[in-house]
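The primary structure of each chain is shown beneath.
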Amino acid sequence: MDRVSIFSLIISRVLRSSSAGIIFVILPYLVLVELKYSSLILGFAYTVGTFATAIFGLAVGYLADLYGRKNTLILASLLLPLSALLLFLNHSLIALLVASALGGYSATGAVAGGGIGGIVAPIQNALITEIIENENRTFYFSLFTFLSGISASVGSLIAGLFSSEQEFLIAIIMGFLSVFALLPIRTKNIRAKSASLKSKVVIGKFSITGLLNGISVGLITPFLIPFFIIIYHTPKSEMSIYTFLSSLIASTLILIAPFLDKKMGFVMSIAITRGVGALLSIIMPLIRIFPISLGIYLILPAIRILALPIQQRAMTEMVSQDELGRAMGINQVTRLAASSGSTSLTGYLFSESQIDLPFLASGIIMALNIYMYYKFFGGKNEVNRPSRGSSLLKPSRD
């Protein structure tokens, strides 16, 4: 195991997640409160960020497999701090949309799940598979998600302490430092011999489930903070604390993913965690009592991402190593492209005061997503438990 590469990846992810956590909280306040734009504009900005992340994510997935993962990761990681710098210098609508596209301001995941700047996620995960053996990947995917979430939660807490201008400046500095942290990484330099894919069927199945998940998540996740702004008029200083706690809970609970993987396996873990999340999504807008809404907000991100490391582990075992960057990129593009449409819809519905409908639709679509996991993977025992005795890849320099 290459400890230098693992440590470099961790430091980069911690810094980047802290930067993303700051942006996650301050962006809706900047748009809705300071710039006085409508929720429709915010939804459009999220849509642009989501769609751009999908396109960029697919492109960097191919670049990573064909031309090298380390250099592609460095290039992709530059976009987040550059986007924050643009918005720091210019608050115009055009600057907002361009920054959202470059930085991936999609908010289609919890802070703990990397809801901002998700373009680098497929490459990071592909790099982890190079330096970590199969049977330990669920643990390391969980560890990285945990550290990312803790860092993002600290960033969200910082977002309530300073002015928007100061917070963007902090996010810029952390973002650029995260890029420098990648330089010591050593990889095995696995590259695809061909642009064609041997794992098309498996990738297609994960893409369909990813599409449904994207629709469900895109309907409500970008608007959880706006929900509290519109319904309860929650101030930013208070909301930053709630976001910190929500991310902290999600980041901590993610550590039990290896246990769930061992006891229940891939499909059952998905079904239970996302089934509970679907139920909470339906309940949240119906019972408009602040403590209940807050309680759901605190635990919903944790429930939604709890099985993520298990799903990542299953994909790495079912897809050829030299296709992982593209497989994860394709999975991301279908998920985020679907999210971009559903996020636009929610922006419109919120502007028309139809706040309940996106939450109800999200829960129903997530139930369909769970059904498709059973249909595609329920009978495949080889992916339901982590594999044993896999060989260790020993990284070398690019």
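See the structure shown above.
Predicted model, so just to flag it, every value in this text is computed and none were measured.

Q: Help me understand the overall build of the protein in this model?
A: Of the regular secondary structure elements, the protein holds 16 helices and zero strands. Taking all 398 residues of the protein together, 60% fall into the buried category. Excluding contacts between residues fewer than 6 apart, the proportion of contacts in the protein whose partners are at least 24 apart in sequence is 87%. Counting every atom, the protein has about 14,700 Å² of accessible surface; 69% of that belongs to carbon and sulfur.

Q: So what exactly am I meant to see when it comes to unusual backbone geometry here?
A: Apart from glycine, the bulk of residues carry a negative phi angle, and the bulk of peptide bonds sit in the trans form. A positive phi angle, close to 65 degrees, is found at lysine 36, a residue other than glycine. Mapped onto the elements, lysine 36 comes out in the loop between α1 (3-34) and α2 (39-67). Judged by relative accessible area, lysine 36 falls into the exposed class, the value being 65%. In the Ramachandran plot, histidine 233 falls in the positive-phi region, its phi being about 55 degrees despite a non-glycine side chain. Mapped onto the secondary structure, histidine 233 falls in the loop between α10 (224-232) and α11 (236-253). The class of histidine 233 is exposed, set by a relative accessible area of 63%.

Q: Hey, could you run me through the side chain of threonine 273 in this one?
A: If you trace the backbone, threonine 273 turns up in helix α12 (residues 257-286). Under the relative-accessibility criterion, threonine 273 is labelled buried at 6%. One polar contact links the side chain of threonine 273 to the main-chain carbonyl oxygen of isoleucine 270, over a distance of 3.5 Å. For threonine 273, the residues in contact, after removing those within four places along its chain, are Leu260, Ile303, Leu306 and Ala307.

Q: Can you walk me through a nonpolar patch on the surface in this structure?
A: Together, Leu169, Ile173, Leu177, Phe180 and Leu183 make up a nonpolar patch on the protein surface, roughly 500 Å² of accessible area in all. Relative to the assigned elements, isoleucine 173 resides in helix α8 (residues 164-180).

Q: What should I look at first to understand the packing of α1 against α8 in this one?
A: To describe two helices that pack against each other, one gives the angle between their axes and the distance between the axes. The geometry of α1 relative to α8 is characterised by a closest axis approach of 8 Å and an angle of 155 degrees between their N-to-C directions. Considering their axes alone, α1 and α8 lie roughly antiparallel with respect to each other. You can see that α1 and α8 cross each other, and the crossing is left-handed. Residues Ser12, Leu15, Arg16, Ser18, Ser19, Ile22, Ile23, Ile26, Leu30 and Glu34 of α1 pack against Ser164, Glu167, Phe168, Ile170, Ala171, Met174, Gly175, Leu177 and Ser178 of α8. Of the residues assigned to the contact of α1 with α8, the class counts are 10 nonpolar, six polar and three charged.

Q: Can you walk me through helix α5 (residues 93-103) in this structure?
A: Residues of α5 that are buried include every one of Ala95, Leu96, Leu97, Ala99, Ser100, Ala101 and Gly103, and no others. Contacts from the buried residues of α5 go to α1, α2 and α4 (79-89). Two residues or fewer past α5, glycine 104 is found with a positive phi of approximately 70 degrees.

Q: Any chance you could explain the side chain of arginine 274 here in plain terms?
A: Inspection of the secondary structure puts arginine 274 in helix α12. Here arginine 274 sits buried without a salt bridge, and the closest side chain of opposite charge, aspartate 261, lies 13 Å off (N-O distance). Apart from the residues lying within four places of it in its own chain, the contact partners of arginine 274 are Asn213, Ile303, Arg304, Met366, Asn369, Ile370 and Tyr373.

Q: It is not clear to me how the pattern of salt bridges should be interpreted in this structure. Could you clarify?
A: Any two side chains of opposite charge can pair, so long as their charged atoms come close to each other. Overall, the coordinates contain four salt bridges when judged by the stated rule. Among the ionic pairs, lysine 236 bridges to glutamate 167, the shortest N-O distance being 3.7 Å. One end of the pair, lysine 236, is in helix α11; the other, glutamate 167, is in helix α8, and 69 residues separate them in sequence. You can call glutamate 167 buried: its relative accessible area is 0%. We note a salt bridge from aspartate 261 to arginine 313, for which the minimum N-O separation is 2.6 Å. Of this pair, aspartate 261 sits in helix α12 while arginine 313 is found in helix α14 (residues 308-318), placing the two residues 52 residues apart along the sequence. A single salt-bridge network, built from bridges that share partners, covers Asp261, Arg313 and Glu317.

Q: Sorry if this is basic, but what is going on with the packing of helix α3 (residues 69-77) against helix α6 (residues 121-131) here?
A: Relative to each other, α3 and α6 sit at 150 degrees, their axes nearing to 10 Å. Classified by the angle between their axes, α3 and α6 sit roughly antiparallel to one another. Here the hand of the crossing between α3 and α6 comes out left-handed. Counted together, Arg69, Thr72, Leu73 and Ala76 of α3 and Ile123, Gln124, Ala126, Leu127, Thr129 and Glu130 of α6 form the full contact between these two elements. When the residues that make up the contact of α3 with α6 are grouped by side-chain class, the tally is five nonpolar, three polar and two charged.

Q: What should I look at first to understand the environment of arginine 69 in this one?
A: Mapped onto the secondary structure, arginine 69 falls in helix α3. On the accessibility criterion, arginine 69 (2% relative accessible area) is buried.

Q: Sorry, what's going on with the packing of aromatic side chains here?
A: Aromatic rings in a pair are described by how distant their centres are and how their planes are angled relative to each other. In this structure the tally under the stated criterion is 17 aromatic pairs. Geometrically, the ring pair formed by phenylalanine 227 and tyrosine 232 is edge-to-face, given 6.1 Å between the ring centres and 75 degrees between the ring planes. Residue phenylalanine 227 is classed as buried on the basis of its relative accessible area, which comes to 0%. Ring geometry for phenylalanine 228 against tyrosine 232: centres 5.7 Å apart, planes inclined by 40 degrees, an arrangement best described as tilted. With a gap of four residues between them, phenylalanine 228 and tyrosine 232 both fall in helix α10, about one helical turn apart. Taken together, Phe227, Phe228, Tyr232, Tyr242, Phe290, Tyr297 and Phe359 form an aromatic cluster joined through their ring pairs.

Q: Just to check I follow, could you spell out the nonpolar core for this structure?
A: One broad rule of soluble globular proteins: the nonpolar side chains tend to lie buried together. Grouped together as the largest cluster of nonpolar side chains are 73 residues, with contacts concentrated most on Phe266 and Tyr297. Considering each element in turn, this core owes the most residues, 10 residues, to α1. Counting residues in hydrophobic clusters, the runner-up holds 21 residues, among them Ile10, Leu127, Ile132 and Ile185.

Definitions and limits used
Residues numbered from 1 in each chain as written. Predicted model: local features only at pLDDT ≥ 70, side-chain atom pairs only at ≥ 80, totals over all residues. Heavy atoms only, no water. Helix = DSSP H or I, 4+ residues; strand = E, 2+ residues; numbered from the N terminus. Buried < 20%, exposed > 50% of the residue type's maximum accessible area, 1.4 Å probe, protein only. Contact = heavy atoms within 4.5 Å. Areas by Shrake-Rupley, 256 points an atom, 1.4 Å probe, with all protein chains shown as cover. Polar contact = N/O pair within 3.5 Å; in protein donor to acceptor, adjacent residues only side chain to side chain. Patch = residues over 30% accessible without salt bridge, like charges linked within 9 Å, V, L, I, M, F, W, Y side chains within 5 Å. Salt bridge = Lys/Arg side-chain N within 4 Å of Asp/Glu carboxyl O. Axes fitted to C-alpha atoms, helices over the stretch in contact; angles between N-to-C directions. Parallel < 35°, antiparallel > 145°, perpendicular 65-115°, else oblique. Left-handed = near helix turned anticlockwise from the far one by under 90°. Nonpolar A, V, L, I, M, F, W, Y, C, P; charged D, E, K, R; others polar. Lys, Arg positive; Asp, Glu negative; His and termini not counted. Phe/Tyr/Trp six-rings, centres within 6.5 Å; stacked < 30°, edge-to-face > 60°. Core = buried A, V, L, I, M, F, W, Y, C linked by side-chain atoms within 4.5 Å.

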